[in-house]
Amino acid sequence: MGILDFLTGEFIDVIHWVDDTRDTMVWRFEREDHEIKYGAKLTVREGQSAVFVHEGQLADVFTPGLYMLETNNMPILTTINHWDHGFKSPFKSEIYFVNTTRFNDLKWGTKNPIMLRDPEFGPTRIRAFGTYSVRISDPARFLVEIVGTDGEFTMDEISYQIRNIIVQAFSRVIAGAGIPVLDMAANTADLGKLIATEISGIVAEYGLTIPEFYIENISLPPAVEAALDKRTSMGIAGDLGAFTQYSAAEAMTAAAQNPNGGGGMGAGLGMGMGMAMAGQMAQAGPWGAAPQAAGASHTPPPPPVEHVWHIAANGKTEGPYSKATLGRMAASGDLARDSHVWTPGQDGWKRAGDIAELAQLFTILPPPPPGA
């Protein structure tokens, strides 16, 4: 060391750090041979801490304030060196300034999709991204566990490790939460709190805290989103007949606006759609009302239910007989209007002549001849 450097080191007795980078977490105060003058002034601003490392051993940690580097202000360092109050020569130590403010708007995201079992869709994959903030809560631990001897440590050097921790915690929480994918957007705040709690225990070992954590978006794979969009469109369409007519009208409008786009094909397509719509409107009625149900005008009504009958005669029940058999019995006189009959679903026994379905059996016989 030259004489000029030595004299400069002797007269410079103000130690401070002004950060203008916005991403520096730790900065080492550089002095020639790391010589700190006894009695020098140490300025630690708000949002900073100063850590003294003496001969490779962490000594003192100073919080915001103005300090005179003397024995009464350096209890640990004084104990290590066994200094008395008369010690006035420079001492060799490293001073690390630690930024304790929040580092905001840091990005995180899932590099690969996360597999989970959705209650509605079954096994599926999701992606997510968001932002978070980080702050150094324990400068000494952070220096020991992360920084080491790095003279200028920035947020970029640890952000990748924190992102890995976040993604691992997110995967574990989201897989065990059991929240349907369609409901996750409404529960991002609660999920964020769960994930922040999960992360805090891990990053605390590094001397860090996560004051804020946000989930900005949770998305499905493109194929699943396309299927979900189709499902939503079907729900919005409602009446498929009306939706078909609307789609045909839109296609006709597009064909009319571009008559030369496909030669005569566009005109033929439009004419065919128009005839199809005319047929549908004719079936719908004079006012163009849509059928009450899709395919109602083409489906025949269900066939009538064929009843079987029981006859009460001489205190006994006979049957069951079909209606055709009862017709032959009425013709032969074995069944009269006063005969009591019953069929499943009927409330008690009734006279055959009082049942509309059977009364016609007694009117098919020719009337008596004239003059009889």
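Refer to the structure printed above.
Each value, and the rule that gives it
- Residues numbered from 1 in each chain as written.
- Predicted model: local features only at pLDDT ≥ 70, side-chain atom pairs only at ≥ 80, totals over all residues.
- Heavy atoms only, no water.
- Phe/Tyr/Trp six-rings, centres within 6.5 Å; stacked < 30°, edge-to-face > 60°.
- Helix = DSSP H or I, 4+ residues; strand = E, 2+ residues; numbered from the N terminus.
- Buried < 20%, exposed > 50% of the residue type's maximum accessible area, 1.4 Å probe, protein only.
- Salt bridge = Lys/Arg side-chain N within 4 Å of Asp/Glu carboxyl O.
- Pairing = 2+ DSSP bridges.
- Axes fitted to C-alpha atoms, helices over the stretch in contact; angles between N-to-C directions.
- Contact = heavy atoms within 4.5 Å.
- Core = buried A, V, L, I, M, F, W, Y, C linked by side-chain atoms within 4.5 Å.

Caption draft 1: Structural view of the packing of aromatic side chains. All chains considered together, the criterion is met by nine aromatic pairs. A ring pair is formed by Trp27 and Phe97, whose centres lie 6.3 Å apart and whose planes are at 35°; its orientation type is tilted. Residue Trp27 is found in strand β2 (residues 24-29), and its partner Phe97 is found in strand β9 (residues 94-99); the two are separated by 70 residues along the sequence. According to the relative accessible area criterion, Trp27 is partly exposed, its value standing at 24%. With relative accessibility at 0%, the residue Phe97 sits in the buried group. Judged by centre distance (5.5 Å) and plane angle (50°), the ring pair of Trp108 and Phe170 falls under tilted. Taken together, the residues span a long stretch of sequence, with Trp108 in strand β10 (residues 103-109) and Phe170 in helix α4 (residues 156-177) at a distance of 62 residues. One exposure class covers both Trp108 and Phe170, and it is buried. Chaining the aromatic ring pairs together yields one cluster made of Trp17, Trp27, Phe29 and Phe97.

Caption draft 2: Highlighting unusual backbone geometry. Gly319 connects to Pro320 through a cis peptide bond whose omega is 5°. Tracing the backbone through its elements, the reader meets Pro320 in strand β16 (residues 316-321).

Caption draft 3: Molecular detail of the pattern of salt bridges. Considering all chains together, one arrives at five salt bridges under this definition. Here Arg102 ties to Glu212 by a salt bridge, and the two come within 3.5 Å at their closest N and O atoms. One end of the pair, Arg102, is in the loop between β9 and β10; the other, Glu212, is in strand β14 (residues 208-219), with 110 residues separating them in the sequence. According to the relative accessible area criterion, Arg102 is partly exposed, its value standing at 43%. For the salt bridge of Glu198 with Arg172, the shortest nitrogen-to-oxygen distance reads 2.9 Å.

Caption draft 4: Structural detail: the sheet that holds strand β15 (residues 309-313). Strand order in the open sheet formed by four strands is β16-β15-β17-β18, and the pairing between neighbours is antiparallel. Across the chains shown, the open sheet's two edge strands, defined by having one partner strand only, are β16 and β18 (350-351). When β15 meets β16, the two strands line up antiparallel, connected through four bridges. Along β16, the bridge assignment pairs Ala313 with Lys316.

Caption draft 5: Just the sheet that holds β2, in detail. Ordered in space as β6-β5-β9-β2-β13, the five strands form an open sheet in which the pairing is antiparallel. Looking at strand neighbours, the two that pair on one side only are β6 (57-62) and β13 (152-154), the edges of this open sheet. Pairwise comparison of adjacent strand axes, ignoring direction, gives a mean angle of 20° for this sheet. As paired strands, β2 and β13 are joined by three bridges and run antiparallel to one another. Its bridge partner being in β13, Val26 is matched across the sheet by Phe153. Where α4 meets the sheet, it contacts β2 and β13, and its direction lies at approximately 40° from that of β13.

Caption draft 6: Layout of the nonpolar core. Met25, Tyr132, Leu208 and Phe213 are the most contacted members of the largest nonpolar core, which totals 42 residues. Looking at which element gives the most residues to this core, the answer is α4, with eight residues. In this structure, Val44, Ala59, Tyr67 and Phe97 belong to the second largest nonpolar core, which totals 16 residues.

Everything listed here is a matter of geometry and, on its own, says nothing about what the molecule does.
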